[in-house]
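A structural walkthrough
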Amino acid sequence: MRRRVLPGFGLSLGVALAYLGLIVLLPLAALAWKASGIGFEGLIRLLSAPRTLAALRLSVGGAVVAALVNVVIGLLVGWVLVRYRFPGRRLFDALVDLPFALPTAVAGIALTTLYAPNGWLGQWLEPMGIKVAYTPLGVFVAMVFVGFPFVVRTLQPVLSSLEQDVEEAAESLGAQRWQTFFRVILPMLAPTLLTGFALALARAVGEYGSVIFIAGNIPMRSEIAPLLIVQKLEQFDYAGAAALGVAMLSISFVLLVLVAFLQRWSHRWQERSA
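Residues numbered from 1 in each chain as written. Predicted model: local features only at pLDDT ≥ 70, side-chain atom pairs only at ≥ 80, totals over all residues. Heavy atoms only, no water.

Going by the annotation in an unreviewed UniProt entry, the name recorded for the protein chain is Sulfate transport system permease protein CysT, with Dyella japonica given as the source organism. For the protein chain, the Subcellular location (unreviewed entry) comment in UniProt is given as "Cell membrane". Regarding the protein chain, the relevant UniProt record gives this comment under Sequence similarities (unreviewed entry): "Belongs to the binding-protein-dependent transport system permease family. CysTW subfamily." (UniProt positions renumbered as here; feature names shortened; annotations may be inferred.)

1. Observations regarding the UniProt feature "domain: ABC transmembrane type-1" (unreviewed entry) in the protein chain
As recorded in UniProt, the sites labelled "domain: ABC transmembrane type-1" (unreviewed entry) are residues 56–259. With 78% helix and 0% strand, the stretch residues 56–259 has end C-alpha atoms that lie 20 Å from each other. (Helix = DSSP H or I, 4+ residues; strand = E, 2+ residues; numbered from the N terminus.)

2. Observations regarding the layout of surface pockets
What the largest pocket holds in volume is close to 210 Å³. What lines the largest pocket is a set of 13 residues, among which Leu68, Leu194, Phe197, Val259 and Leu262 lie closest to the centre. For the lining of the largest pocket, the elements supplying multiple residues, two or more each, are helix H3 (50–83), helix H10 (177–205) and helix H13 (238–273). Looking at the lining of the largest pocket element by element, the count peaks at 5 residues for H10. Its residues assigned to classes, the lining of the largest pocket shows 13 nonpolar, no polar and no charged. Looking at the second largest pocket, its volume works out to about 170 Å³. If you go around the second largest pocket, the residues you meet are Trp79, Glu167, Glu171, Arg177, Thr180, Phe181 and Ile185. (1 Å grid on protein atoms, 1.4 Å probe; cavity = no way out; pocket = protein on both sides within 12 Å on 5 of 7 lines; lining within 4 Å. Points joined across faces, edges and corners; volume = space filled by probe spheres on them. Nonpolar A, V, L, I, M, F, W, Y, C, P; charged D, E, K, R; others polar.)

Here it is as structure tokens:
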């Protein structure tokens, strides 16, 4: 009888479910239970408040747009790092992980210093009428910064495994470069791009530390939903803070389920094409 490296199915499943329940399901259940303290009418009143809607729109909408931008730029950066060799490549590759290693508060202060009206870049953008710090654009920049490495690191292994023979075959059949990319390479990368998008979205939608400094926190303009949660906690409105947390969790869950559905559709489409 062949010995297994891991314990049997029963023990492994039990440990996995216990870990999942303690680390994920139990805190989420406690969050939902605490949110129920304000009642259904209180929940509707809280979520329909103009200030809440504006904060949720900025947090979720900004995260979606930032994730889309990261998918495009991350694909370009990942392609350059995998397909080309140039001086300083290893340093460039290491810099991709900087948002991982940098504390979020430090990242927020650095971005504010860079894009403030008297900052290194802000002083040149201000005369052109471009304000980054203390505006929704600043929130977007911070979300792009924190989500960028997820896309690049997700794509790099897949790009490394792509056979260039497929591209050469397409070119030998008369395909132009853009046809080779959009009809051959991009369909093979679609599931991985969706995974990177989901990771970048999940990272940005609840981001607080790197956004709070550059946002300016102006109600109805540059105030993010996590800040509203912190403010309610400071006011000892724990039920209201939990209700906002449940709302953000629900929106994120719907978006991630949609991404998972698109990934499944992409896999099926690839199998049919093959």
